[in-house]
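Summary of the model geometry
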Amino acid sequence: MMNKVTIRVPATSANCGPGFDTLGLAVNLYNEVTYEVTDTKGFQLEVEGEGAEYLKPFGRNLAFASFLKVWNLATDNRRIGLKVSMVNRIPMSRGLGSSSSAIVAGLFAANCLCDNHFSMDELLGFATEIEGHPDNVAPALYGGFTISYMEGERAHTLRLLPAKPLQFIAVVPDSKLATSLARQAIPKAVPHQDAVYNTSRASLLVGALLSGSYEYLGMALEDKLHQPYRAHLIPGLAEVFAAAKAAGAYNAIISGAGSTVMAYAAPEADGKAIAEAMVAEFAKQGEKASYHLLTLDTEGVKAI
């Protein structure tokens, strides 16, 4: 049995506009995490990049807790010391799947060190149990574009690849947005006509991606189930969306729970111009923002 492995896990963007808690995709922005089983009992943690100033080595840290979830089941709870070294590039608490990346990295690393005791579908179940829903963990595991659903307590996902390449422009405000706060903004019930609206848009989005009919993406990325209720948490959101479209994007959405706003654009579009237009709108609200020009990750988590 190996005692050390390095894992690469992609950032993810959930909801994808109309697919609340259902749709997700992986992008080529990565965290790299090395797990080493040691003879020294206890937890050790080294962090470079995002979270270096406040992530601590303790059992409730998702990077440790997820590893131990698989390790304890696969080894009959054999006690170990564990050293984790992170190179974090995924912004934290910004709607790009930073918590999902930690969960998936830990589960996958432990599985690698336990001779792949569990299948990927079983890892999806563990990840969903920890995260609470599969829309972010699924693309982190499988890569590509994922459609996830629950059957009772069991998570399932369908992975697909769009017919043609897309460019994703992720504009990341300096201000964090807690997922718990974003979820509190959503009402317990919505009008039936809004549910029908989102069903049509989510269906159109999947159809457009599979057929390559990207002229439909402008309408397909519209939403009435979560973005209107979260808009006040991201000042200037409507203006940022408008700026993205005016600069050449198909449309823009709140990535996950936010605060990141992600524009979808053709590969030949001027991604830098789109990003700068969105950053400028955030600046008008007194919000500094950075950006990443991204493409779809098709591999998901992997050992490197």
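Relevant structure appears above.
These remarks concern the structure in this document. (Residues numbered from 1 in each chain as written. Predicted model: local features only at pLDDT ≥ 70, side-chain atom pairs only at ≥ 80, totals over all residues. Heavy atoms only, no water.)

1. Concerning the nonpolar core
If you look at the biggest cluster of nonpolar residues, it comprises 39 residues, and the most contacted ones within it are Ile7, Tyr35, Phe67, Trp71, Val84 and Leu123. Sorting elements by how many residues they give to this core places helix α2 (residues 98-113) first, with nine residues. When sequence neighbours within four positions are dropped, the list of residues in contact with Phe67 reads Tyr35, Val37, Ile80, Leu82, Gly106, Leu107, Ala109, Ala110 and Leu113. By size, the runner-up hydrophobic cluster in this structure holds 26 residues, among which are Cys16, Leu96, Leu217 and Ile253. (Core = buried A, V, L, I, M, F, W, Y, C linked by side-chain atoms within 4.5 Å. Buried < 20%, exposed > 50% of the residue type's maximum accessible area, 1.4 Å probe, protein only. Helix = DSSP H or I, 4+ residues; strand = E, 2+ residues; numbered from the N terminus. Contact = heavy atoms within 4.5 Å.)

2. Let's talk about the environment of His156
Note on placement: His156 falls in strand β6 (residues 154-160). Using a relative accessible area of 16% as the deciding quantity, one classes His156 as buried. Sequence spacing of His156 and Leu124 is 32 residues, and the spatial spacing of their C-alpha atoms is 7.8 Å. Excluding anything up to four places from it in sequence, His156 contacts Leu124, Ile147, Ser148, Tyr149 and Glu151. A distance of 2.8 Å separates polar atoms of two side chains, one belonging to His156 and the other to Glu151. (Polar contact = N/O pair within 3.5 Å; in protein donor to acceptor, adjacent residues only side chain to side chain.)

3. Observations concerning the sheet that holds strand β7 (residues 167-173)
The pairing of strands in a sheet happens through backbone hydrogen bonds and is either parallel or antiparallel. The strand order across the open sheet built from four strands is β8-β9-β7-β10, with neighbouring strands paired in antiparallel fashion. Of all the strands in the sheet, just β8 (251-254) and β10 (289-294) have a single pairing partner and so form its edges. Averaged over all neighbouring strand pairs, the angle between strand axes comes to 20°, with direction disregarded. Sheet topology places β7 next to β10; six bridges connect them, and they run antiparallel. Residue pairing for β10: Val171 is matched across the bridge by Tyr291. In the packing of helix α10 (residues 271-284) onto the sheet, the strands contacted are β7, β9 (261-265) and β10, and the crossing angle to β7 comes to about 25°. (Pairing = 2+ DSSP bridges. Axes fitted to C-alpha atoms, helices over the stretch in contact; angles between N-to-C directions.)

4. Structural notes on the packing of helix α9 (residues 237-246) against α10
Between α9 and α10, whose axes approach to 8 Å, the crossing angle comes to 155°. Relative to α10, α9 is oriented roughly antiparallel. The handedness of the crossing between α9 and α10 comes out as right-handed. When α9 is examined against α10, the residues Glu239, Val240, Ala243 and Ala244 are found in contact with a partner set consisting of Ile274, Ala277, Met278, Glu281 and Phe282. Split into classes, the residues belonging to the contact of α9 with α10 amount to seven nonpolar, no polar and two charged. (Parallel < 35°, antiparallel > 145°, perpendicular 65-115°, else oblique. Left-handed = near helix turned anticlockwise from the far one by under 90°. Nonpolar A, V, L, I, M, F, W, Y, C, P; charged D, E, K, R; others polar.)

Don't take any of this as a statement about function, it's just geometry.
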